[in-house]
Amino acid sequence: MPNRPAPQDWREANRAMWDERVPLHVASDFYDLDAFRRGKDSLSDFHIAEVGDVTGKSVLHLQCHLGLDALSFARRGASQVVGLDFSEPAVDAARDLAAELGFGPDRASFVTADVYDAVEAVPDASYDIVYTGIGALCWLPDIVLWAETAASLVAPGGFLYLCEFHPLTDALDDESATHIAYDYFNREPWIDETPGTYADFSAPTINNRRVEWQHPLGSVITALAATGLRIEFLHEHDMTYFQRFGSLERQEGNPYYRFPPDRPRIPLMYSLRASKPPADR
Ligand SMILES: C[S@@+](CC[C@H](N)C(=O)[O-])C[C@H]1O[C@@H](n2cnc3c(N)ncnc32)[C@H](O)[C@@H]1O
């Protein structure tokens, strides 16, 4: 079932909201750019394991934000990384970081464009790895068009890697996560005006209007399968990156939030890899 029509200003509202948050994120402990400059990897252990060796590969990061994951792939030996984001300040920050780390544009480049315009915007027709997620799909009204766009940028023999917050978490009550409070199949845009950002909840912000969409797991998988990509795996994870529910907790030294051990677990994130057959098949 298609989503309901989006409010006309969805793109401009979301872009203004993100543009304003970029300097806050650049200065934040959450992104800790100083540690990143000193060599800290932004990629999680399971991303590294699931994406695999990137040595000599080209990587396109869609909705790359400050470019940290793309630049982490460059540091891990990717031959070329390209990041795309519709927020100009985000792309400027990513370019500055790339230059500071000594990556020239042939090795790490960043383009300002809407993800739906990625085919025309990125420098090459296809990439060994198209990587995206962690708060990316919720900003997109049309998951079928997203899947077609992302899949068309995967080189023969390459793959798309997606890691996202599990859509089941959109349906549970915000505090305890013990009962279904919202419609899992909701197709209406979510409009929110909460100030601040996940990197600093108390930050005073002006551009707070944002438009988001839920994408049930089946709609994402079906959209990707329809492009001809082959789903290699779909992993569901019992942990997440932030305190999505009041009942989640994080143990000392562990980067992830989980339910307490006496609580039944549900998936909080998922990740998948979907590959394109080699050209000679
Ligand atoms: C939550 S951030 C992604 C975070 C990223 N995974 C990270 O770890 O830094 C979402 C990004 O999507 C970008 N974005 C949102 N809608 C977009 C669109 N339609 N086209 C391109 N980028 C978009 C925003 O500018 C923002 O940088």
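Residues numbered from 1 in each chain as written. Predicted model: local features only at pLDDT ≥ 70, side-chain atom pairs only at ≥ 80, totals over all residues.

A.B. asks: How do you make sense of the nonpolar core when you look at a structure like this?
C.D. replies: A general tendency of soluble globular proteins is for nonpolar side chains to be buried together. The biggest cluster of nonpolar side chains holds 63 residues, and the ones touching the most others in it are Val59 and Val130. Broken down by element, the residue count for this core peaks at 7 residues, all from strand S5 (residues 154–165). (Core = buried A, V, L, I, M, F, W, Y, C linked by C-beta atoms within 7 Å. Buried ≥ 20, exposed ≤ 12 C-beta atoms within 10 Å, placed from the backbone. Helix = DSSP H or I, 4+ residues; strand = E, 2+ residues; numbered from the N terminus.)

A.B. asks: Would you mind showing me how to read the sheet that holds strand S1 (residues 58–62) here?
C.D. replies: Two modes of strand pairing occur in sheets, parallel and antiparallel, and in both the strands are linked by backbone hydrogen bonds. Reading across the sheet, the 7 strands line up as S3-S2-S1-S4-S5-S9-S8 and stay open at both edges, with mixed pairing between neighbours. Whereas interior strands pair on both sides, the edge strands pair on one side only; in this sheet they are strand S3 (108–112) and strand S8 (230–237). Going across the sheet, the axis of each strand differs from the next one's by a mean of 15°, ignoring polarity. Of the strand pairs in this sheet, S5 and strand S9 (residues 269–275) are connected by 7 bridges, and their pairing is antiparallel. Along S9, the bridge assignment pairs Tyr161 with Arg273. Here helix H5 (residues 88–100) sits on the sheet in contact with strand S2 (80–85) and S3, set at roughly 170° to S3. Contacts between helix H8 (residues 217–226) and the sheet are confined to S8 and S9, with S8 contributing the most and set at about 160° to the helix. (Pairing = 2+ DSSP bridges. Axes fitted to C-alpha atoms, helices over the stretch in contact; angles between N-to-C directions. Contact = placed C-beta atoms within 7 Å.)

A.B. asks: Can you help me understand unusual backbone geometry in this one?
C.D. replies: Note on backbone geometry: most residues besides glycine have negative phi, and most peptide bonds are trans. With a phi close to 50°, His65 is a non-glycine residue in the positive phi region. Topologically, His65 is positioned in the loop between S1 and helix H4 (68–75). One non-glycine residue, Ile134, adopts positive backbone phi at about 55°. With respect to the element layout, Ile134 can be found in the loop between strand S4 (127–133) and helix H7 (143–152).

A.B. asks: For this particular structure, what's the right way to read H5?
C.D. replies: Along an α-helix, residues three or four positions apart point the same way, because every turn accommodates 3.6 residues. Taking 1.5 Å of rise per residue, the 13 residues of H5 would be expected to cover 18 Å, and the 18 Å separating its terminal C-alpha atoms lies within 8% of that figure. Within the sequence span of H5, burial applies to Ala90, Val91, Ala93, Ala94, Leu97 and Ala98. Along H5, the residues classed as buried sweep out an arc of 160° about the axis, all on the same side. In H5, those exposed residues whose orientation departs by more than 90 degrees from the buried face are Ala99 and Glu100. Contacts made by the buried residues of H5 are with helix H1 (10–26), H4, S2 and S3. Immediately downstream of H5, the backbone of Gly102 shows phi near 85°, a positive value. (Expected span 1.5 Å × (residues − 1). Arc of directions from axis to C-beta.)

A.B. asks: Can you walk me through the UniProt feature "domain: Methyltransferase" (unreviewed entry) in the protein chain in this structure?
C.D. replies: Mapped onto this numbering, the UniProt entry annotates "domain: Methyltransferase" (unreviewed entry) at residues 59–158. Along residues 59–158 one finds 35% helix and 27% strand; the C-alpha atoms at either end are 10 Å apart. (UniProt positions renumbered as here; feature names shortened; annotations may be inferred.)

A.B. asks: I'm lost on the environment of Glu50 in this one. Help?
C.D. replies: Checked against the element boundaries, Glu50 lands in helix H3 (residues 45–51). Sequence separation between Glu50 and Arg37 is 13 residues, and the spatial gap between their C-alpha atoms is 24 Å. If we ignore the near neighbours within four places in the chain, the residues touching Glu50 are Tyr161, Ser271 and Arg273.

A.B. asks: Which parts of the structure should I look at to understand the pairing of S2?
C.D. replies: Looking along a regular strand, one sees side chains alternate from face to face of the sheet. Where burial is concerned, most of S2 is hidden: 6 out of the 6 residues are buried. The two faces of S2 match: Gln80, Val82 and Leu84 on one face and Val81, Gly83 and Asp85 on the other face are all buried. The sheet contact formed by S1 and S2 spans 5 bridges and is parallel. Bridging from a neighbouring strand, Val59 pairs with Val81 of S2. In this view, the connection linking S1 to its parallel neighbour S2 by way of H4 has right-handed handedness. Bridge analysis of S2 against S3 gives 5 bridges, and the strand direction is parallel. For Leu84, the partnering residue across the bridge sits in S3 and is Val111. Each parallel crossover has a hand, and for S2 linked through H5 to S3 it is right-handed. (Right-handed = clockwise from strand over helix to strand, strands pointing away.)

A.B. asks: Please clarify how the environment of Ile48 should be interpreted in this entry.
C.D. replies: Along the chain, Ile48 falls in helix H3. Taking the number of C-beta atoms within 10 Å as the measure of exposure, Ile48 has 15 and is therefore partly exposed. Distance in space between the C-alpha atoms of Ile48 and Leu272 is 13 Å, their sequence separation being 224 residues.

A.B. asks: So what exactly am I meant to see when it comes to the packing of H7 against H8 here?
C.D. replies: Any two packed helices are characterised by the angle at which their axes cross and by the distance between the axes. Packing of H7 against H8 leaves a shortest axis separation of 9 Å and a crossing angle of 45°. Between H7 and H8, the interaxial angle falls into the category oblique. When the axes of H7 and H8 are compared, the crossing they make is right-handed. Of H8, the residues touching H7 (which contributes Ile143, Val144, Ala147 and Ala151) are Ser219, Val220, Ala223 and Leu224. In terms of residue class, the contact of H7 with H8 is made up of 7 nonpolar, 1 polar and no charged. (Parallel < 35°, antiparallel > 145°, perpendicular 65-115°, else oblique. Left-handed = near helix turned anticlockwise from the far one by under 90°. Nonpolar A, V, L, I, M, F, W, Y, C, P; charged D, E, K, R; others polar.)

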